[in-house]
2 protein chains.
Amino acid sequence: MKLLEPSKVQLKLWMTLQQAKVRKREKLFLAEGAKVVKDLLQSAWKARALLILQGKEDHFAEVASAVSGEIDVYRLNEKEWQRLSQDSSSEGIMAVASVPEMPSSDDSQVMRNDRLLLLHEINNPNNLGALLRTADWFGFKTVLFSAGSVDFTHPKVVRTAMGSLFHLTLIAGVDFAAILPGFKASFRLVGSDVGNGVTPHPCTGRTALLMGSESHGLPQHLLDLTDERWRIPGVGSAQSLSLPQAAAIMMYACTSK
Amino acid sequence: MKLLEPSKVQLKLWMTLQQAKVRKREKLFLAEGAKVVKDLLQSAWKARALLILQGKEDHFAEVASAVSGEIDVYRLNEKEWQRLSQDSSSEGIMAVASVPEMPSSDDSQVMRNDRLLLLHEINNPNNLGALLRTADWFGFKTVLFSAGSVDFTHPKVVRTAMGSLFHLTLIAGVDFAAILPGFKASFRLVGSDVGNGVTPHPCTGRTALLMGSESHGLPQHLLDLTDERWRIPGVGSAQSLSLPQAAAIMMYACTSK
């Protein structure tokens, strides 16, 4: 099959997608790596272009053929690739993907979930990517983000989430202080609190799990709105459990029987 | 207090500590960051020198005074610092630390533990650092590594473990196939198995938890030596849970009541 050569304008656009403001304006982001691209193409999210590193055409011929006719497939030379790639040892494949339209936080689709994950001011992209991968595993299919969170199309989030991003409904810029009172009618609100709380336990009803950042935890005014606080008991001398691990344990406990 | 200027020979040695073979030969490694250095100095591990970035002397005056007289404290200029620092936004403090003598895997000190963590061929340093931090939290105070694991004094391991490294007994280069039969008398051997296994549960007796790498899991010949296999049930569409999260859940479950 014939691969296209990108124009300078296209290359420049794709390169500037490293900036959050450009991703927001263009509603586009880059998704790099074979597993990530595969999950994107199999999901309801839309790929706009497929980019393949020169020399990797044969290796990715199958995926290129599968999308051919639907989206444009480009060949990039080594120099062009280096300007876009975020991976130290790149596999040589990435997609230009559309940021999908997401429902608002009070949409009936959101309110029908059994499990919600609410993330307050998580700004470490590797932590966020890890959280999304775990949320996908445990069936927390809708994730809400406060203002001040890292953009979920940040390249490191996309990479660390390992394709799980495309299985989730993600709602950004949510004011938790404003919505939590209204959520109480539908969900049991559980907040993570490193200082004080009960041991995580199975969730029998519909539950919204609220996590804060690794550095600051949840602010008091949000903890005050929860129905229950969870703390993971430790026996060692570590000062804290890292956020992705604490969140994984809480999601596991919640979905345990 | 007076800070020393490092010699060229010292700087060169410290710089080459980025190489595993040099760390092994010199039995030294670098520990960077305020939290990491603080935990090192409060632990039974030995610091050999304290290095402070020029301009940060006042900020770290207290810690420098505390160790003064016991170990040498050096001031490094920006250029010297850049050659040693692994952090993109460095705090400006690091220690040169000794790799301690560790017991052998059949030492009575090892056999007296209630919980052991056994790690087979974990070669991602960020994963290993995260595992050690979690092990510290849940009281798995002794960790054994197979041959083919990343060196636990790798800069990224030290960084990600966030000081937990210095709270643990770490035994490297262990042949699990050789020692597991002998461990059976003292420990219940639990192996992580993504394919097949029971849901994690509280561990009543003394337990050795065995984890494989994220890419390959545990090899069959080691799984065959376990008493029990654990698998974390998922409900979503993620292909796998990441290793640090799976390990955190298993350590949590094991130490739950």
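Residues numbered from 1 in each chain as written. Chains lettered and ligands numbered in written order. Predicted model: local features only at pLDDT ≥ 70, side-chain atom pairs only at ≥ 80, totals over all residues. Heavy atoms only, no water.

## Quick look at the side chain of B:Ser85
All names here are of chain B. Its place among the elements puts Ser-85 in the loop between helix H5 (78–84) and strand E4 (93–98). Among the polar contacts listed, one links the side chain of Ser-85 to the side chain of Glu-32, at a separation of 2.7 Å. Side-chain polar atoms of Ser-85 contact the backbone nitrogen of Asp-87, separated by 3.2 Å. Excluding anything up to four places from it in sequence, Ser-85 contacts Glu-32, Ser-90 and Met-94. (Helix = DSSP H or I, 4+ residues; strand = E, 2+ residues; numbered from the N terminus. Polar contact = N/O pair within 3.5 Å; in protein donor to acceptor, adjacent residues only side chain to side chain. Contact = heavy atoms within 4.5 Å.)

## Quick look at the state of the cysteines
Residues and elements named next belong to chain B. Summed over the entire model, instances satisfying the criterion amount to two disulfides over all chains. Note that Cys-203 is cross-linked by a disulfide to Cys-254, the S-S spacing being 2.3 Å. Because the sign of the S-S torsion sets the handedness, a value of about -125 degrees for the bond joining Cys-203 and Cys-254 places this disulfide among the left-handed ones. In this pair, Cys-203 is assigned in the loop between strand E8 (188–192) and strand E9 (207–211) and Cys-254 in helix H11 (residues 243–255), connecting sequence segments 51 residues apart. Here the two residues Cys-203 and Cys-254 agree in accessibility, since each one is buried. (Disulfide = S-S within 2.5 Å. Buried < 20%, exposed > 50% of the residue type's maximum accessible area, 1.4 Å probe, protein only.)

## Regarding the packing of helix H7 (residues 125–137) of chain B against H11(B)
Residue and element names in this part refer to chain B. Contact pair H7 / H11: the axes reach a minimum separation of 9 Å and the direction vectors enclose 15 degrees. When the axes of H7 and H11 are compared, the pair comes out roughly parallel. Considering the relative orientation of H7 and H11, their crossing is right-handed. Residue-level contacts link Asn-127, Ala-130, Leu-131, Thr-134 and Ala-135 of H7 to Leu-243, Pro-244, Ala-247, Ala-248 and Met-251 of H11. The residue makeup of the contact of H7 with H11, split by class, is eight nonpolar, two polar and no charged. (Axes fitted to C-alpha atoms, helices over the stretch in contact; angles between N-to-C directions. Parallel < 35°, antiparallel > 145°, perpendicular 65-115°, else oblique. Left-handed = near helix turned anticlockwise from the far one by under 90°. Nonpolar A, V, L, I, M, F, W, Y, C, P; charged D, E, K, R; others polar.)

## A word on the sheet that holds strand E1 (residues 28–32) of chain A
Residue and element names in this part refer to chain A. Pairing is mixed across the open sheet formed by four strands, whose spatial order is E1-E4-E2-E3. Of all strands in the sheet, those with a lone pairing partner are E1 and strand E3 (72–76), marking the two edges. Put simply, the sheet's adjacent strands are angled 25 degrees from each other on average, direction ignored. As paired elements, strand E2 (residues 47–53) and E3 share five bridges and run parallel to each other. Bridge pairing in E3 places Leu-51 opposite Tyr-74. (Pairing = 2+ DSSP bridges.)

## Describing the interface of chain A and chain B
How large an interface is tends to be reported as the accessible area lost when its parts come together. Each partner contributes residues to the interface: chain A has 33 residues there, and chain B has 33 residues. Between chain A and chain B the total buried area reaches about 2,800 Å² when both faces are included, carbon and sulfur atoms providing 58% of it. When the buried surface of chain A facing chain B is broken down by residue, A:Arg133, A:Trp137 and A:Tyr252 rank first, second and third, together holding 29% of it. Counting the contacts that link chain A with chain B gives two salt bridges. One salt bridge connects B:Arg133 with A:Glu214, and the closest N-O pair in it is separated by 3.2 Å. Counting the contacts that link chain A with chain B gives eight residue pairs in polar contact (both at pLDDT 80 or more). Contributing elements (two or more residues each) for the side of chain A that touches chain B: helix H3 (34–42), helix H7 (125–137) and helix H11 (243–255) of chain A. The leading source of residues in the side of chain A that touches chain B is H11(A), at six residues. When grouped by side-chain class, the residues that make up the side of chain A that touches chain B number 14 nonpolar, twelve polar and seven charged. (Buried area = accessible area lost by both parts, 1.4 Å probe. Salt bridge = Lys/Arg side-chain N within 4 Å of Asp/Glu carboxyl O.)

## Comments concerning the environment of A:Ser43
Residues and elements named next belong to chain A. One can find Ser-43 in the loop between H3 and E2. Note: C-alpha distance between Ser-43 and Leu-128 (85 residues apart in sequence) is 20 Å. Looking at Ser-43, its side chain comes within polar contact range of the main-chain oxygen of Leu-40, at 2.8 Å. A polar contact is formed between the side chain of Ser-43 and the backbone nitrogen of Trp-45, at a distance of 3.0 Å.

## Some remarks on the relation of the copies chain A and chain B
Superposing chain A onto chain B takes a rotation of 180 degrees plus a shift of 0.0 Å along the axis, which leaves an RMSD of 0.0 Å. What the rotation and shift describe, once combined, is the action of a two-fold rotation axis. An overlap of 100% is found between the interface residues of chain A and their copies at the interface of chain B, pointing to a shared contact surface. (Least-squares fit on C-alpha atoms with pLDDT ≥ 70 in both.)

## Some thoughts on empty space enclosed by the protein
What the rule picks out here adds up to one cavity of 30 Å³ or more. What the largest cavity holds in volume is close to 100 Å³. Broken down by class, the residue content of the lining of the largest cavity amounts to six nonpolar, two polar and three charged. (1 Å grid on protein atoms, 1.4 Å probe; cavity = no way out; pocket = protein on both sides within 12 Å on 5 of 7 lines; lining within 4 Å. Points joined across faces, edges and corners; volume = space filled by probe spheres on them.)

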